[in-house]
Amino acid sequence: MMPLLDLILAGTVLVTAVLAVLAPRRDAAASAFLIFGVLLALLWARLEAPDIALAEAALGGGVAGALLVDALHSRRPPQPQAASSWAARITGAAAGAALLAALLIGVRAVPQARAPLAEEAYARIPVSGVEHPVTAVLLNYRSYDTLLEIAVLAVAALGAAALAQGHRPVVRSRPAVRGLALVLLPVLLLLAAWLLVAGTSQPGGAFQAGALLGAALVIAHLAGIGLARPQGLAGLAWTLAGLLSFLALAAGTAVFGAGWLVLDPAWAPGAILAIEAILAVSIGAGLALIFLSNSASLQQNGPAGEPGRAAEAEPPAGAPS
Amino acid sequence: MIALDIALDIVIIALLAAGTAFVAVGTVGLLRFPDLATRLHAVAKADNLGLGLIVAALVVHVLREASAPDDPAGWGVALKLLLIWLLALLGTAANSHLLAVPPPGKTDGKGKERGEGGRR
Amino acid sequence: MTVSGLPELMTVLACAVLVIGLSAHLLVADLFRRIISLNVASGGVMMLLLVLAVRGPGDQDPDPVPQALVLTGIVIMAAVTGLALALARRVEDPADEDDRDEETP
């Protein structure tokens with residue numbers, strides 16, 4: 001017997017996915033996708049993956065939402081382009097249906113029993129340095145994956161920064177924004193620190209904490225609180241710090257230890273927490289850099305005579321600061 | 001004891017029903033009202049009240065489920081729930097203000113554009 | 001721990017969401033909507049991995065390996081979305097149109 005709530009959740013996930021894909025207008029598509037992201041976080045919680053639910057809520061709902069909504073203010077909203085031809089649509093739908101059938105057959109062929117890798121992951125937790133299995137996989141057994149993930153994030157942040165047309169200035173914003181930011185920032189920072197430390201023994205960890213830190217940096221910047229400049233040299237340095245310190249750890253274990261990224265159980269807990277702390281700040285700085293690089297072009301590079309858009313978060317230039 | 005349990009059940013159900021009713025009314029307002037200001041008015045007020053009632057129901061539930069009447073864990077969860085509501089209140093207030101009041105000196109263009117978007 | 005039937009439903013849902021996102025990604029012309037479609041498809045992939053993590057007979061803890069993969073994937077998807085949006089913005093930026101005109105004879 002399937003609980004009714006699960007059926008409703010699955011149905012709304014499917015509907016929002018279809019809406020996000022089919023909506024002809026950009027803002028409608030973005031709204032539907034953001035609802036889809038929130039529902040996904042609920043779904044991950046139902047699938048016994050609280051870590052993923054936390055990350056999805058922070059990244060899918062928060063950071064991606066900010067990116068997409070910000071992108072709606074594109075300088076030249078493109079004219080609705082000619083819809084793809086009916087032949088293309090029918091071919092696409094047929095190919096999609098074939099792919100769906102193939103996927104379903106393939107997934108059903110996967111054995112029902114838990115993979116042997118999972119047994120091994122649980123068995124080796126006592127020597128991993130942490131108590132939470134997902135953190136153990138991320139930062140001990142498969143730390144190569146995390147190293148490469150940080151590399152991807154750093155490259156994406158560098159790419160976005162290279163595409164940016166100037167820095168988005170810190171400007172004093174309206175009192176409502178400032179007030180909200182001054183209340184939210186301590187909450188976000190406390191939550192990020194707690195998630196980071198709690199991640200060794202329960203759901204949470206560097207990624208969730210990093211996403212929250214990124215959100216906090218963006219909020220501070222938009223509210224005109226110049227705590228940190230993700231677009232400056234320091235921001236760039238922090239974005240690369242995670243990758244570089246991870247590489248240093250890998251090199252250190254290779255030269256002095258048992259091999260690339262093989263952590264000794266004696267000092268693994270401290271090393272994991274330290275690298276997680278650096279990773280969290282690095283992820284936060286990288287995400288904030290990506291967001292601000294995206295919105296910088298909006299601020300600077302507009303044709304004159306279109307006053308309403310560029311200065312949306314800005315008070316008049318003469319405002320006291 | 002059983003009578004108390006039943007009474008608390010009734011309280012929880014009543015709070016939940018009232019809360020969902022307010023959220024539903026707010027959503028109807030969002031869909032039916034003609035422009036930005038009236039839509040904000042519906043969503044900001046009704047949703048906050050609805051969320052508050054749902055949080056109140058959850059607080060009652062959590063405190064009842066706590067093993068002892070003054071169990072610190074139960075109160076901790078209750079306080080976190082209240083904090084969620086307060087943050088949501090603050091967020092709604094700030095968002096509604098930002099959406100409704102055009103930035104100083106920017107009354108042209110933007111406000112008009114939003115008004116037209118709302119009427120569509 | 002899972003209610004019986006939930007994995008089956010979620011398997012079908014995951015495949016459907018993946019196919020919807022992927023087909024739209026290939027069919028839609030607008031860059032912004034294409035990025036959103038890719039995100040929808042990635043949601044389907046994540047769902048598939050997480051369903052595989054909880055499948056299995058009896059009450060047992062979920063497989064942490066696919067969960068870690070999905071966690072990595074979420075962060076990468078956010079970063080890639082940001083980069084893609086930056087690229088799309090530059091593609092559509094009228095200020096960048098000039099050099100395109102010069103190159104085409």
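Residues numbered from 1 in each chain as written. Chains lettered and ligands numbered in written order. Predicted model: local features only at pLDDT ≥ 70, side-chain atom pairs only at ≥ 80, totals over all residues.

**Student:** Describe the overall build of chain A, listing the residues and the values that go with them.
**Tutor:** In terms of helices and strands, chain A carries 12 helices and 0 strands. Along chain A, helices and strands appear, N-terminal first, in the series α-α-α-α-α-α-α-α-α-α-α-α. Residue burial in chain A is summarised as follows: out of 321 residues, 43% are buried. Taking all contacts inside chain A whose residues are at least 6 apart in sequence as the whole, residues at least 24 apart take part in 74%. (Helix = DSSP H or I, 4+ residues; strand = E, 2+ residues; numbered from the N terminus. Buried ≥ 20, exposed ≤ 12 C-beta atoms within 10 Å, placed from the backbone. Contact = placed C-beta atoms within 7 Å.)

**Student:** Give me the overall build of chain C: which residues, what numbers.
**Tutor:** When its secondary structure is counted, chain C shows 4 helices and 0 strands. If you list the helices and strands of chain C from N to C, you get α-α-α-α. Within chain C, the fraction of its 105 residues that count as buried is 61%. A separation threshold of at least 6 residues defines the contact pool for chain C, and within that pool the share at least 24 residues apart is 53%.

**Student:** Please set out the UniProt feature "transmembrane region" (unreviewed entry) in chain C residue by residue, giving values where relevant.
**Tutor:** All names here are of chain C. When the UniProt feature table is mapped onto this chain numbering, "transmembrane region" (unreviewed entry) sits at residues 6–28, 35–56 and 68–88. Between the end C-alpha atoms of residues 6–28 there is a gap of 32 Å, over a span that is 96% helix and 0% strand. The annotated region residues 68–88 carries 100% helix and 0% strand content, and the separation between its end C-alpha atoms amounts to 30 Å. (UniProt positions renumbered as here; feature names shortened; annotations may be inferred.)

**Student:** Residue-level account of the confidence of the model for chain C, with values.
**Tutor:** Residue and element names in this part refer to chain C. Per-residue confidence for chain C gives a mean pLDDT of 83; residues scoring 70 or more make up 81%. Mean pLDDT across the elements of chain C ranges from a minimum in helix α4 (residues 97–103), with 52, to a maximum in helix α2 (residues 31–54), with 91. For this predicted complex, the interface score ipTM comes out at 0.87, while the overall pTM is 0.83. (pLDDT = per-residue confidence, 0-100.)

**Student:** Hey, could you go over the interface of chain A and chain C for me, with residue numbers and the actual values?
**Tutor:** Taken together, the 81 residues of chain A in the interface contact 67 residues of chain C. Elements with a contribution of two residues or more to the side of chain A that touches chain C: α1 (4–22), α2 (26–46), α3 (50–71), α4 (86–109), α5 (116–123), α6 (133–141), α7 (143–163) and α11 (268–300) of chain A. Each residue belonging to the side of chain A that touches chain C can be placed in one class, and the counts come to 55 nonpolar, 14 polar and 12 charged. (Nonpolar A, V, L, I, M, F, W, Y, C, P; charged D, E, K, R; others polar.)

**Student:** Tell me about α2 of chain A, and name the residues and values.
**Tutor:** For α2 of chain A, with 21 residues, the first-to-last C-alpha span of 30 Å sits near the 30 Å given by 1.5 Å per residue. Just downstream of α2 of chain A lies Glu48 of chain A, where phi reads positive at about 60°. (Expected span 1.5 Å × (residues − 1).)

**Student:** Give a detailed account of the nonpolar core, specifying residues and quantitative values.
**Tutor:** In terms of nonpolar packing, the biggest core is built from 132 residues, with Phe33, Ala211 and Leu212 of chain A together with Val17, Val40, Met47 and Leu50 of chain C touching the most fellow members. Residue contributions to this core peak at 15 residues, all from α2 of chain C. Once residues lying within four places of it in the same chain are set aside, the contact partners of Val17 of chain C are Val13, Leu14 and Ala17 of chain A together with Val40, Gly43, Gly44 and Met47 of chain C. Core analysis: the next-biggest nonpolar cluster, separate from the first, contains 10 residues, Leu15, Phe22, Leu53 and Val55 of chain B among them. (Core = buried A, V, L, I, M, F, W, Y, C linked by C-beta atoms within 7 Å.)

**Student:** Provide a residue-level description of the environment of Val218 of chain A, including the pertinent values.
**Tutor:** Secondary-structure assignment places Val218 of chain A in helix α9 (residues 206–222). The contact partners of Val218 of chain A, leaving out residues within four places of it in the chain, are Ala66, Ala288 and Phe291 of chain A.

**Student:** Explain unusual backbone geometry to me, and be specific about the residues and the numbers.
**Tutor:** As a rule of thumb, non-glycine residues mostly have phi less than zero, and peptide bonds are mostly trans rather than cis. All names here are of chain A. Here Glu48, not a glycine, exhibits a phi torsion of approximately 60°, which is positive. The residue Glu48 is located in the loop between α2 and α3 in this model. Taking the C-beta count within 10 Å as the criterion, Glu48 has 16 such neighbours and is therefore assigned partly exposed.

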